[in-house]
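Residue-level structural notes
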Amino acid sequence: MLEPRGSHRPTIIYRPIQPSDLEVLEQIHLALFPIRYERDFFLNVVHGHGIVSWAAVDGQNDELVGFITTRLISARESEITDLLRHRSSRKELMLVYILTLGVVEHYRNYGIATSLVREVIKYASSITNCRAVYLHVISYNLPAIKFYGKMLFKFIRRLQDFYYINGQHYDSYLFVYFVNGSHSPCSPLNIVAAVANYLRSLLKMLASKLWRNEETHIPVWSKCGETKTLLVTPNKRILGAENSACQVCTSQLT
């Protein structure tokens, strides 16, 4: 495997995964993931059979140093269908599911994984009836959890015993990035919080109006020591209104 020389930043090129990447693709998966993938999976990836993928290659020799594999699936057949609003439409809602993402160790910290995920988001956004990109992360993979949070994926839920590896169960975290105007629905807690904020703002507004009405009818007078005349002293105040909406639960992601 080619390693970057010295402190020189490698030139990375992004392209679809090709049949010539097959062997290296298998080697990297074997090195990076605890799960063993069947040969058919890699054949489907390199030939584009039901899988859409991107490769990151070193510009010096076109060697594969990073990859992301995805599948386009029906939203109704997914586990996040409850998060989406299904409207009567001729087009069925779709999702992009990230299968695998990996970067060779010596090529990390060059923004390769970020660029690959952005390619997927761009692809999903170009499909008008696509509503989200989603994936699972094994619970002990803290760097991946932090990475997807940084990429503004929304953590949805924890799935108990989702993985079974080498005779042991592991939980997974479900992350979603909404596209094309879709967003996560408001939870009951979010709705209660939004209503409380609205009522609080309404009470503040009513209280301020009553206070100003009282000041209009009962002006405050003060004496001017030099002229011995009475001057009106207006009581000025700045009133702030809080915006209230169910935006507290809207996903603001990238």
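Structural notes, computed from the coordinates. (Residues numbered from 1 in each chain as written. Predicted model: local features only at pLDDT ≥ 70, side-chain atom pairs only at ≥ 80, totals over all residues. Heavy atoms only, no water.)

A few points about the overall build of the protein
For clarity, the cut-off: Comment: elements are numbered from the N terminus, with helices defined as DSSP H or I runs of at least four residues and strands as E runs of at least two. Buried residues are those whose accessible area, probed at 1.4 Å on protein chains only, stays under 20% of the maximum for their type, while exposed residues exceed 50% and partly exposed ones sit between those limits. Should any heavy atoms of two residues lie within 4.5 Å, those residues are considered in contact. Method for areas: the Shrake-Rupley scheme with a 1.4 Å probe, in which residue coverage is limited to the protein chains shown.
Check the secondary structure of the protein and you find five helices and nine strands. When the elements of the protein are put in sequence order from the N terminus, they spell out β-α-α-β-β-β-α-β-α-β-β-α-β-β. Within the protein, the fraction of its 254 residues that count as buried is 37%. Summarising the internal contacts of the protein: among those between residues at least 6 apart in sequence, 68% fall at separations of at least 24. For the protein, the accessible surface area stands at approximately 16200 Å², while carbon and sulfur atoms represent 54% of it.

Focus: the nonpolar core
Selection criterion: We call a set of buried residues a nonpolar core when its members are Ala, Val, Leu, Ile, Met, Phe, Trp, Tyr or Cys and they connect through side-chain atoms within 4.5 Å of each other.
The biggest cluster of nonpolar side chains holds 47 residues, and the ones touching the most others in it are V117, Y148 and F153. In terms of residues, this core owes the most to one element, helix α3 (residues 112–125), which gives six residues. Of all hydrophobic cores here, the second largest spans 14 residues; its members include L93, Y134, I156 and F178.

Structural notes on the packing of aromatic side chains
This is how the line gets drawn: Classification of ring pairs uses Phe, Tyr and Trp, with its six-membered ring standing for Trp, and accepts pairs whose centres are within 6.5 Å; under 30 degrees between planes counts as stacked, over 60 as edge-to-face, and the remaining range as tilted.
By the definition in use, this model includes 15 aromatic pairs. A centroid spacing of 5.1 Å and a plane angle of 70 degrees characterise the contact between F147 and Y148, whose relative ring orientation is edge-to-face. In this pair, the class of F147 matches that of Y148, namely buried. Both rings, one in F162 and one in Y163, keep their centres 4.9 Å apart while their planes meet at 80 degrees; by these two values the pair is edge-to-face. A relative accessible area of 36% places F162 in the partly exposed class. One aromatic cluster in this structure is built from F147, Y148, F153, F155, Y173, F175 and Y177.

Some remarks on the pairing of strand β6 (residues 154–165)
Residues in a regular strand project their side chains so that they alternate between the two faces of the sheet. So the rule is basically this: Strands pair, by our definition, only if DSSP identifies at least two bridges between them.
Here β6 pairs with strand β7 (residues 168–178) via eight bridges, running antiparallel. From the neighbouring strand, K154 faces β7, where its bridge partner is V176. Taking the residues between adjacent antiparallel strands as the criterion, β6 and β7 are bridged by two residues, where N166 takes a positive phi near 50 degrees.

Digging into unusual backbone geometry
For D62, which is not a glycine, the phi torsion comes out positive at approximately 60 degrees. Looking at the secondary structure, you find D62 in the loop between β2 (52–58) and β3 (64–74). Of note, the phi angle at D161 is positive, near 55 degrees, even though the residue is not glycine. Locating D161 in the fold gives a position in strand β6. For D161, a relative accessible area of 41% translates into the label partly exposed.

Topic: the environment of T100
We count it as follows: Polar contacts, as used here, are pairs of N or O atoms within 3.5 Å; protein pairs need one atom able to donate a hydrogen and one able to accept it. Residues neighboring in sequence count only if both atoms are side-chain atoms.
Mapped onto the secondary structure, T100 falls in strand β4 (residues 94–103). Residues T100 and T69, 31 residues apart in the sequence, show an inter-C-alpha distance of 5.3 Å. Filtering out sequence-adjacent residues up to four positions away, T100 remains in contact with H29, F33, Y37, F41, F67, I68 and T69. Within the local environment of T100, its side chain forms a polar contact with the side chain of T69, the two groups lying 2.6 Å apart.

With respect to the packing of helix α1 (residues 22–32) against helix α2 (residues 39–47)
So the rule is basically this: The axes used here are C-alpha line fits, helices contributing only the stretch in contact, and every angle between their N-to-C directions lies in the interval 0 to 180 degrees. These descriptions rest on fixed angle ranges, namely under 35 degrees for roughly parallel, over 145 for roughly antiparallel, 65 to 115 for roughly perpendicular, and the rest for oblique. Here a crossing is called left-handed whenever its near helix is offset anticlockwise from the far helix by less than a right angle, and right-handed whenever the offset is clockwise. For this classification, Asp, Glu, Lys and Arg are treated as charged, while Ala, Val, Leu, Ile, Met, Phe, Trp, Tyr, Cys and Pro are nonpolar and the rest, including Gly, are polar.
As a packed pair, α1 and α2 sit with axes 10 Å apart at the nearest point and diverge in direction by 130 degrees. Our classification of the angle between α1 and α2 gives oblique. Crossing handedness for the pair α1 and α2: right-handed. Contact residues: L22, E23, L25, E26 and H29 in α1; R39, F41, F42, L43, V45 and V46 in α2. For the contact of α1 with α2, the residue count by class is seven nonpolar, one polar and three charged.

Digging into the sheet that holds β7
Spatially, the seven strands line up as an open sheet ordered β1-β2-β3-β4-β5-β7-β6, and their pairing is mixed. At either end of the open sheet lies a strand with only one pairing partner, and these are β1 (12–15) and β6. Mean inter-strand twist for the sheet, computed between neighbouring axes without regard to direction, equals 25 degrees. Helix-sheet contacts for α1 involve β3 and β4, and the interaxial angle to β3 is about 85 degrees. Against the sheet, α3 contacts β1, β2, β3, β4, β5 (130–138) and β7, and its axis sits at roughly 165 degrees relative to β4.

Notes on the side chain of T70
Looking at the secondary structure, you find T70 in strand β3. One polar contact links the side chain of T70 to the main-chain carbonyl oxygen of V52, over a distance of 2.8 Å. Beyond its immediate sequence surroundings of up to four residues, T70 is in contact with G50, I51, V52, W54, V96, Y97, I98, L99 and V120.

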